[in-house]
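A structural walkthrough
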Amino acid sequence: MAGKLYLCATPIGNLEDITLRVLRTLKEADLIAAEDTRNSIHLLNHFDIKTPLTSYHEYNKIEKAYKLVEKMREGQNIALITDAGTPGISDPGEDLVRICYEQGIEVTSLPGAAACVTALTLSGLPTRRFSFEAFLPRDKKERKAVLEEMKADTRTLIVYEAPHHLTATLHELLSALGDRRITVCRELTKRYETAFRTTFSEAIAYYEANEVRGECVIVIEGKKREEIIREQQAVWEQMSVQEHMEYYLAQGADRKTAMKQVAKDRGVSKRDIYKELL
């Protein structure tokens, strides 16, 4: 029988956050694939885990994935771990999972720590709907496109950032999104964990005057729906009622439907639109 891939969540700081199920799986697996073996060996030594270790990272993720699949075809069970947190979240684990499914290998996920969810629940911002952006793209064109998409997102936004890039990224986000409420979470689950509830402008002033240490998660308030409505109404008001009507008629709407939509856009009654057209 073929083996299985186990996605094992490891602590993001505090070693007590590892689950009993993950510890058992890491001990019983035939092989552990780790994003950085030099980092993971400290975790394994701490829990006296002797399972063989191999590297699986961004620079060998496709070639190595097929080698790991071959081992699972031979009956080996493989546990995948990342540097910290849950494999497959903003790391090459997602490619291994995809290839396993393509090759008919069973996959299971052992839940545990995840920095994005930890920061979200700690932020004090709305948690019902959220968008996880991870690290913003390095490519300038793609980064600009992502920031543009984030502008109108009403969900709480979650962004990862390294300490030495934090201030520059905060400047970018302020320019793109406006001065919103944010919570900057640092050193999550560790001794000096902080959740700094602030705004973009206040955070920039603070971090320009104070050294930033530890990996950061920026949790950002989503755009308010009322603000979106006001902005859209401002756009419509720059058009004449006739131009507004032509906009919907050109899309195939009949005159009655177009009048109804124009009235809704402008926050007035259909009677008002009718009078204006007359």
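See the structure printed just above.
A brief report on the enclosed structure follows. (Residues numbered from 1 in each chain as written. Predicted model: local features only at pLDDT ≥ 70, side-chain atom pairs only at ≥ 80, totals over all residues. Heavy atoms only, no water.)

**A short note on the sheet that holds strand β9 (residues 194–199)**
Across a sheet, paired strands are connected by hydrogen bonds in the backbone, their directions being either parallel or antiparallel. Spatially, the five strands line up as an open sheet ordered β6-β7-β10-β8-β9, and their pairing is mixed. Two strands lie at the open edges of the sheet, namely β6 (130–135) and β9, each paired on one side alone. Across this sheet, the average inter-strand angle for adjacent strands is 20 degrees, counted without regard to direction. Sheet topology places strand β8 (residues 181–186) next to β9; six bridges connect them, and they run antiparallel. Across the sheet, residue Val184 finds its bridge partner in β9, namely Phe196. Each of β7 (156–161), β8 and β10 (216–220) touches helix α7 (residues 166–177); the most contacted strand, β10, lies at about 15 degrees to it. (Pairing = 2+ DSSP bridges. Helix = DSSP H or I, 4+ residues; strand = E, 2+ residues; numbered from the N terminus. Axes fitted to C-alpha atoms, helices over the stretch in contact; angles between N-to-C directions. Contact = heavy atoms within 4.5 Å.)

**Structural notes on the sheet that holds strand β5 (residues 106–110)**
If you trace the five strands from one edge of the open sheet to the other, you get β3-β2-β4-β1-β5, paired in parallel fashion. Only two strands of the sheet have a single neighbouring strand rather than two, namely β3 (53–55) and β5. When the angles between neighbouring strand axes are averaged without regard to direction, this sheet yields 25 degrees. Strand direction decides the pairing type here: strand β1 (residues 4–8) and strand β4 (residues 78–81), joined by three bridges, are parallel.

**Side note on the pattern of salt bridges**
Across all of its chains, the model carries 16 salt bridges by this definition. Here Arg24 ties to Glu28 by a salt bridge, and the two come within 3.3 Å at their closest N and O atoms. Here Glu28 and Arg24 lie together in helix α1 (residues 20–28), a separation of four residues that amounts to about one turn. Given the relative accessible area of 54%, Glu28 is considered exposed. (Salt bridge = Lys/Arg side-chain N within 4 Å of Asp/Glu carboxyl O. Buried < 20%, exposed > 50% of the residue type's maximum accessible area, 1.4 Å probe, protein only.)

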